[in-house]
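Next come the chains, spelled out residue by residue.
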Amino acid sequence: MLIKHTKKSQLKESQLTSESIYKDRRNIIKGFGLAALALPFAKPASAGLFDSFTGKDDASGDFQRTPLNFTKNPDYQSLTDLTPENKVLQYNNFYEFGTGKGDPYEHSQQFKVDPWSLTIDGLVDKPMTLNYEDLLKKFEIEERLYRMRCVEAWSMNIPWLGFTLATLLQQAGVKSDAKYVRFETVYDPEQMRGQRSRFVGGSINFPYVEGLTIEEAMNPLALLSVGLYGKTLAPQNGAPIRLVVPWKYGFKSIKSIVKITLTDKAPRNTWQAIGPHEYGFYANVNPLADHPRWSQRNERVIGEGNVFQQERKPTLMFNGYEEEVAHLYKGLDLLKNF
Ligand SMILES: Nc1nc2c(c(=O)[nH]1)N[C@H]1C(S)=C(S)[C@@H](COP(=O)(O)O)O[C@H]1N2
Ligand SMILES: [Mo]
């Protein structure tokens, strides 16, 4: 989630800025304890890789994705400019496999998704454990075309396959004192290189954790995704099951979930724990609430060609889903509760 590419001019900062200022800056950055942030300055040579990122034309990798049976939900078919599948599969954020955009694809192709075990527990009437087959067979799968907006100011339009989070929560039976839903990603350092090294994993304390209020979780837009572009998810996109909450910044859409817990306390989500001044609990997409280090007014829409030479479009309030979700935040100051 830290912008690591930026413009060529910035990548050559060490040459442009006087040496002492440059060193000073690096020390300040180190002080935050965010090793990844120092990368563009520390490794200008590899930055060229990000600069020219286009991905391979064939991103099928070694991982086998299976075609799924699904129906198209007519309410969510209107997006036109879908992001090319090879970009959705290769330009990723999944720090468990490394902080570079190409790392998740490159380092996850042998990831095992079967057997899998997803537990739903906490303040529910019927705690449940779903295995891999349950995830793909127990619920009717629908297709929805959603915008996805990363906090780093780039976006994609993705045809997801899945079922609503509400469907699952209703089966488990939410108790009346449940106020939040806490999600946890698998912890498996043997398979996830970023979990073996703080440097590779961007200083995150794994497992990755996210949370929603119960009202957000029950909103019909909140999707549990098991596939995209007609097939099961690839590991780099969060196989076998991940959350998709399209009105929030991408980091809320937690991948490869093993645990969903209903609770009465607000979960401390991973990015808020790392940088509470930069990333909040709500993380609703908002063009007026700038990130402390960059503007959120516009976004790079990822399409064909070089990902850094994309058309920029104005950011939409709630990422374009204002009608569906604005009522959830009545009376809340969205500039303070970011
Ligand atoms: N467990 C986990 N989930 C995660 C992340 C991560 O690093 N770890 N990155 C998030 C971020 S910042 C974004 S933008 C989206 C990216 O999803 P995609 O790679 O499938 O497009 O996943 C989110 N889910
Ligand atoms: Mo993101």
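Here, every reference points to the structure presented above.
Residues numbered from 1 in each chain as written. Chains lettered and ligands numbered in written order. Predicted model: local features only at pLDDT ≥ 70, side-chain atom pairs only at ≥ 80, totals over all residues. Heavy atoms only, no water.

Colleague: Describe the packing of aromatic side chains, naming the residues involved and giving the relevant values.
Modeller: Per the stated rule, a full pass over the model turns up 15 aromatic pairs. Grouping aromatic residues by their ring pairs yields a cluster made of Tyr-180, Phe-281, Tyr-282, Phe-318 and Tyr-329. Just above the ring of Tyr-91 sits the side chain of Lys-101; from NZ or CZ to the centre is 5.8 Å. Here the basic side chain of Lys-252 rests over the ring of Phe-281, its NZ or CZ set 4.4 Å away from the ring centre. (Phe/Tyr/Trp six-rings, centres within 6.5 Å; stacked < 30°, edge-to-face > 60°. Lys NZ or Arg CZ within 6 Å of the ring centre and 35° of its normal.)

Colleague: Explain the side chain of His-291 to me, using residue names and the numbers behind them.
Modeller: In this structure, His-291 sits in the loop between helix 11 (270–274) and strand 12 (298–301). Using a relative accessible area of 5% as the deciding quantity, one classes His-291 as buried. Separated by 3.3 Å, the side chains of His-291 and Glu-278 make a polar contact. (Helix = DSSP H or I, 4+ residues; strand = E, 2+ residues; numbered from the N terminus. Buried < 20%, exposed > 50% of the residue type's maximum accessible area, 1.4 Å probe, protein only. Polar contact = N/O pair within 3.5 Å; in protein donor to acceptor, adjacent residues only side chain to side chain.)

Colleague: Give me the environment of Leu-123: which residues, what numbers.
Modeller: Among the secondary structure elements, Leu-123 is positioned in the loop between strand 2 (117–122) and strand 3 (128–131). The spacing of Leu-123 and Ala-172 is 49 residues in sequence and 9.4 Å in space, taken between C-alpha atoms. Residues contacting Leu-123, with those up to four places away along its chain left out, are Gly-173, Val-174, Lys-175, Asp-177, Ala-178, Leu-262, Thr-263 and Asp-264. (Contact = heavy atoms within 4.5 Å.)

Colleague: Now, about the pairing of strand 4 (residues 142–149): what can you tell me, with residues and values included?
Modeller: In terms of burial, strand 4 is a largely internal element, seven of the eight residues being buried. Pairing of strand 1 (residues 71–72) with strand 4, which is carried by two bridges, proceeds in the parallel orientation. Bridging from a neighbouring strand, Thr-71 pairs with Glu-142 of strand 4. The pairing of strand 4 with strand 5 (residues 154–164) spans eight bridges and is antiparallel. Paired with Met-148 across the bridge in strand 5 is Met-156. Hairpin connection, strand 4 to strand 5: the antiparallel pair is bridged by four residues, and Ala-153 has positive phi, about 75 degrees. (Pairing = 2+ DSSP bridges.)

Colleague: Tell me about the site of ligand 1, residues and numbers included.
Modeller: Taken together, 17 residues lie near ligand 1, and Asn-92, Tyr-95, Glu-96, Ser-253 and Lys-255 sit nearest. At 2.8 Å, a backbone N or O of Tyr-95 approaches an oxygen atom of ligand 1. Note that a nitrogen atom of ligand 1 is positioned 2.8 Å from one of the side-chain N or O atoms of Glu-96. Across the complex, the protein chains shield 99% of the 540 Å² of accessible surface that ligand 1 would expose by itself. In terms of residue class, the shell around ligand 1 is made up of eight nonpolar, six polar and three charged. (Near = heavy atom within 4 Å. Areas by Shrake-Rupley, 256 points an atom, 1.4 Å probe, with all protein chains shown as cover. Nonpolar A, V, L, I, M, F, W, Y, C, P; charged D, E, K, R; others polar.)

Colleague: I'd like a rundown of the pattern of salt bridges, residues and numbers included.
Modeller: Two side chains bearing opposite charge may form a pair once their charged atoms approach each other closely. Counting across every chain of the model gives 13 salt bridges. In this structure, Asp-121 engages Lys-259 in a salt bridge whose closest nitrogen and oxygen atoms are separated by 3.6 Å. Of this pair, Asp-121 sits in strand 2 while Lys-259 sits in strand 11 (residues 257–263), and the two are 138 residues apart along the sequence. Between Arg-293 and Glu-278 there is a salt bridge; the shortest N-O distance is 2.6 Å. Placement of the pair is Arg-293 in the loop between helix 11 and strand 12 and Glu-278 in the loop between helix 11 and strand 12, with a sequence separation of 15 residues. On the basis of relative accessibility, which here comes to 35%, the residue Arg-293 falls in the partly exposed class. (Salt bridge = Lys/Arg side-chain N within 4 Å of Asp/Glu carboxyl O.)

These figures come from the coordinates and say nothing about function on their own.
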